[in-house]
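# Breakdown of the fold
This is what each chain is made of:
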Amino acid sequence: MIALLLFGSFFLFLGLGIPVAFALGLSAVVTLITTDGVQVLDVVPSVMFPSMSSGTLLAIPFFILAGIVMQYTGISQRLVDLAFLIFGRFSHGLAAVTIISAFFFSAISGSGPATVAAIGAILIPALVRNGYQKKHAVSLVAASGSMGIVVPPSIAFIIFAVVAAEFGSISISRLFIAGIVPGIIMAAAFFIAALFVPRVRELAGLPVKAGPRAEAAARSTSTVTSESGSVGAGSAGNGSVGNGGSGDGAAGGRTQLLTTKGRAASASSGSGVGSVDPTVTVDVEGGFGEVMTALVKAIPGLLIPVIILGGIYGGIFTPTEAGAVASVYALIVGVFVYRELTWKDMPKVFLESGVSTAVIMFIVGVASLFSYVITVEGVADRISTAVLSVTDNKYLILAAITIILLIVGAFVDAISAFYLFIPILVPILIGVGVDMTTIGVFMTVNLAIGLFTPPVGLNLYVGAGIGKIRLEEVVRGVVPFLICAIIALLLITYIPAISNWLPDLLGVG
């Protein structure tokens, strides 16, 4: 009865259009009042405040700050440039560039939507120019961005370690290293899906920096047709980076592109770009000199995950301290190395970081109250007993939980889902012999898929906004990526060595 009241009221509030965070808090309060009376409400602040003030969670605002700072410094553009010079010459190279760029930015931001926002402004227009339908371009970026909560440092892993601590020992460090191989498997799955996505043409070119004036110049001097008509250069997420054309190496020779000064240049591939005082020439084959130049420019950003993971596993600092080090390093890189972050930008950066942190912490607070009700009222124990009385077959239970989490992930964010289901599912999984590392990784990958699963996949909304396309169209384009991601999920779920091999090899407990 209590379980029905708790979950029934939660889904009722969701059906009424109430945001997930408020629905969690309201359903918990309704259940408490119904079962124990109004006087029990004094427990609400005593549960919410300690959950939000946990020292372990202090890593979250630091990693958020580091990710936002790196968005302002153009690190995503530099990662794309480097990835394209290395992989852009190959067939389907731009799809590989998208996935690799997302993987590396995930290792900086720790967030799926942040990854989509950072690389989407550069790569969605480039993918469209390269012949991908816009729905598939947005879907590829949205799916690739889901690696943001799997590849370390992951905010989701931090939350899992905090919530699951009462059921078994699991360190954030082990979860971080355990996410690397599953992240690579997800990246491979998305690339395989991209191989089956039809393209209407192949063009040549490289993504380069271009402001709004450059994009206007490109639109006035070029005509690139697609199934839906003429496509411009697109717009950048923060107004400072955009792109020219992009390609998979369909044409040889040297190609002249848009420059940062907004001049259009002619293309040897015959794409119809007019000639207006070209000042930059790049080799579509990605000469060694160009690759090394791009590598040098990208090194300060690429060092962030190295510093974070190297410091943690070298015993230099804890994951929380790693977040502080990452944010300070990001500020130094943005202000003194790349010099694209000015002191005038600081209030905006810290305000954005503060708002993002506040949203997450509010969700943590109300979700912890929901989790408290599940535990105190014995809901978790009763559900666990009921499930195990039906079957104790580990593989059937994993299959059932996978289906549940895939459905839940389509409606609820990962943080809320962890607080909802960890008290219920972790005891069941431990009871059938699944280790904590596998549980953490497979639940996180499940919920990562939810980031690009309709109807509430947040990555889809971010990508659709950048690509200026209706969500309904994106949903049709995301199917192949969803299918391949689920296959990858099944491998990660049923082969525990995928999650445990690397942390065991490195001796991370």
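Quantities reported herein were computed from a predicted structural model and do not represent experimental measurements.

Criteria and thresholds
Starting afresh in each chain, residues are numbered from 1 along the sequence in its written order. Reporting in this predicted model follows two pLDDT cut-offs: at least 70 for local features of residues, and 80 or more for side-chain atom pairs to be given and counted; totals over whole chains, interfaces and linings ignore these cut-offs and use all residues. To get the side-chain values, all heavy atoms of the structure are used, and hydrogens and water are removed first. Take the buried Ala, Val, Leu, Ile, Met, Phe, Trp, Tyr and Cys residues and link them wherever side-chain atoms come within 4.5 Å; each set so joined is a nonpolar core. Partly exposed describes any residue whose relative accessible area lies between the buried limit of under 20% and the exposed limit of over 50%, with all areas from a 1.4 Å probe on protein chains only and scaled to the type maximum. Strands here mean DSSP runs of E at least two residues long; helices mean DSSP runs of H or I at least four residues long; both are numbered from the N terminus. Contacts: residue pairs with any heavy atoms within 4.5 Å of one another. Side-chain rings of Phe, Tyr and Trp (the six-membered ring for Trp) are treated as a pair once their centres are within 6.5 Å; stacked means planes under 30 degrees apart, edge-to-face means over 60, and tilted covers the remaining angles. Predictor confidence is given residue by residue as pLDDT, running from a minimum of 0 to a maximum of 100. Cavity means a closed set of points on a 1 Å grid over the protein atoms alone, one where a 1.4 Å probe fits but cannot get out, pocket means an open set with protein on both sides within 12 Å along at least 5 of 7 lines, and lining means a residue has an atom within 4 Å of a point. Grid points are joined across faces, edges and corners, and a volume is the space filled by probe spheres set on the points. Residues are grouped as follows: nonpolar covers Ala, Val, Leu, Ile, Met, Phe, Trp, Tyr, Cys and Pro; charged covers Asp, Glu, Lys and Arg; every other residue, Gly included, is treated as polar. Counted as salt bridges are all cases of a side-chain nitrogen of Lys or Arg within 4 Å of a carboxyl oxygen of Asp or Glu.

## Some points on the nonpolar core
One finds Ile 159, Phe 160 and Phe 452 to be the most contacted residues of the largest nonpolar core, which totals 160 residues. Counting residues per element, this core draws most heavily on helix H18 (residues 414–431), at 13 residues. Setting aside residues up to four positions removed in sequence, Phe 160 forms contacts with Ile 170, Leu 175, Phe 418, Ile 422, Val 426, Met 436, Ile 439, Gly 440 and Met 443. Membership of the second largest hydrophobic core comes to five residues, among which are Leu 82, Val 291, Ala 294 and Ala 298.

## A short note on the packing of aromatic side chains
Throughout the structure, instances matching the rule amount to nine aromatic pairs. For the pair Phe 7 and Phe 370, a centre-to-centre distance of 5.6 Å together with 80 degrees between the ring planes defines the contact as edge-to-face. In this pair, Phe 7 is assigned in helix H1 (residues 2–15) and Phe 370 in helix H15 (residues 346–376), connecting sequence segments 363 residues apart. With respect to class, Phe 7 is no different from Phe 370; both count as buried. Ring plane angle 70 degrees and centroid distance 6.5 Å describe the contact between Phe 336 and Trp 343, whose orientation is recorded as edge-to-face. Taken together through their ring pairs, the aromatic side chains of Phe 7, Phe 10, Phe 11 and Phe 370 make up a single cluster.

## As for the environment of Leu 6
If you trace the backbone, Leu 6 turns up in helix H1. Separated by 364 residues in the primary sequence, Leu 6 and Phe 370 place their C-alpha atoms 8.5 Å from one another.

## Considering unusual backbone geometry
It is generally the case that most residues other than glycine have a negative phi and that most peptide bonds are trans. Going from Pro 152 to Pro 153, the amide bond is cis rather than trans, its omega being 0 degrees. In the Ramachandran plot, Lys 468 falls in the positive-phi region, its phi being about 55 degrees despite a non-glycine side chain. For Lys 468, a relative accessible area of 62% translates into the label exposed.

## Re the confidence of the model for the protein chain
Looking at the protein chain as a whole, its pLDDT mean stands at 76, while 83% of the residues score no less than 70. When the criterion is pLDDT under 50, residues 202–284 qualifies, and its contacts beyond four places in sequence or with other chains add up to 186 contacts.

## Re the layout of surface pockets
Taken as a whole, the largest pocket spans an internal volume of roughly 1100 Å³. It is H15 that provides the largest number of residues to the lining of the largest pocket, a total of six residues. Split by residue class, the lining of the largest pocket holds 26 nonpolar, 10 polar and two charged.

## Looking at the environment of Leu 420
Tracing the backbone shows Leu 420 in helix H18. Separated by 413 residues in sequence, Leu 420 and Phe 7 place their C-alpha atoms 9.5 Å apart. Those residues in contact with Leu 420 that sit more than four places away from it in its chain are Phe 10, Leu 24, Phe 370 and Ile 374.

## Focus on the pattern of salt bridges
Applying the stated rule across the entire model yields four salt bridges. The closest approach of N and O atoms between Glu 340 and Arg 78, which form a salt bridge, is 2.8 Å. One end of the pair, Glu 340, is in the loop between helix H14 (319–337) and H15; the other, Arg 78, is in helix H5 (residues 75–87), and 262 residues separate them in sequence. For Glu 340, a relative accessible area of 25% gives the class partly exposed. Arg 78 gets classed as buried once you look at its relative accessible area, which sits at 10%. A salt bridge links Arg 174 to Asp 504; the nearest nitrogen and oxygen atoms lie 2.8 Å apart. Taken together, the positions of Arg 174 in helix H10 (residues 172–178) and Asp 504 in helix H23 (residues 497–506) put the pair 330 residues apart, joining distant regions of the chain. Accessibility expressed as a relative area gives 11% for Arg 174, which makes it buried.

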